[in-house]
Amino acid sequence: MADRKMILLLKMIDAAHGSIDASDQSHSLLNYFCGDRDRGDDTFNLVAKAGLIRVTHDSRMETSTAYLTDAGRLAISPPDGKVAP
């Protein structure tokens, strides 16, 4: 289901304690995952549409945040279910 770039995005969010700033900024690490595919949705939107992340927007502060969902955690968990040290 998830390709290597999708897994990389999920692991990056996981390493940031499960959430990451998803605001539209030129220096954002997420830019690597936006507009990166020739056809269809980019990696960021594919992961969101698959329910692996949840994205919220605070219109008052004009910020967005991407959160790793339970499905996203499951997608990057080891096959044996054990947490890596």
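It should be noted that the structure appears before, not after, this text.
Residues numbered from 1 in each chain as written. Predicted model: local features only at pLDDT ≥ 70, side-chain atom pairs only at ≥ 80, totals over all residues. Heavy atoms only, no water.

Draft legend 1. Broad picture of the sheet that holds strand E3 (residues 63-68). Ordered by their spatial adjacency, three strands build an open sheet running E1-E3-E2, and the pairing between neighbours is antiparallel. Every other strand in the sheet has two partners, leaving strand E1 (19-21) and strand E2 (53-58) as the edge strands with one partner each. Ignoring which end each strand starts from, the neighbouring axes of this sheet average 20 degrees apart. Set on the sheet, helix H1 (residues 4-15) makes contact with E1, E2 and E3; between it and E3 the angle comes to about 100 degrees. (Pairing = 2+ DSSP bridges. Helix = DSSP H or I, 4+ residues; strand = E, 2+ residues; numbered from the N terminus. Axes fitted to C-alpha atoms, helices over the stretch in contact; angles between N-to-C directions. Contact = heavy atoms within 4.5 Å.)

Draft legend 2. Broad picture of the pattern of salt bridges. Counted under the stated rule, the structure contains four salt bridges. The partner of Asp 3 in a salt bridge is Arg 37, with the nearest N and O atoms 2.6 Å apart. Here the residue Asp 3 occupies a position in the segment before H1, and Arg 37 occupies one in the loop between E1 and helix H2 (43-49), the gap between them amounting to 34 residues. Put simply, Asp 14 and Arg 73 hold a salt bridge, and the shortest N to O gap is 3.2 Å. Placement of Asp 14 in helix H1 and of Arg 73 in helix H3 (residues 70-76) is noted, with a sequence separation of 59 residues between them. The partly exposed category is assigned to Arg 73, whose relative accessible area is 38%. (Salt bridge = Lys/Arg side-chain N within 4 Å of Asp/Glu carboxyl O. Buried < 20%, exposed > 50% of the residue type's maximum accessible area, 1.4 Å probe, protein only.)

Draft legend 3. Region of the structure containing H1. The terminal C-alpha atoms of H1 lie 16 Å apart, and with 12 residues this matches the ideal 16 Å at 1.5 Å per residue to within 8%. The set of residues buried in H1 consists of Met 6, Leu 9, Leu 10 and Ile 13. An end-on view of H1 places all buried positions within 95 degrees of arc, on one side of the element. Turned more than 90 degrees from where H1 packs its buried face, Arg 4 and Ala 15 sit exposed. Turning to H1, the residues buried within the fold contact E1, H2, E2, E3 and H3. The backbone nitrogen of Lys 5 has a side-chain oxygen 3.2 Å away, supplied by the residue at the start of H1, namely Asp 3. Where H1 terminates, the next one or two residues include His 17, which has phi positive at roughly 65 degrees. (Expected span 1.5 Å × (residues − 1). Arc of directions from axis to C-beta. Polar contact = N/O pair within 3.5 Å; in protein donor to acceptor, adjacent residues only side chain to side chain.)

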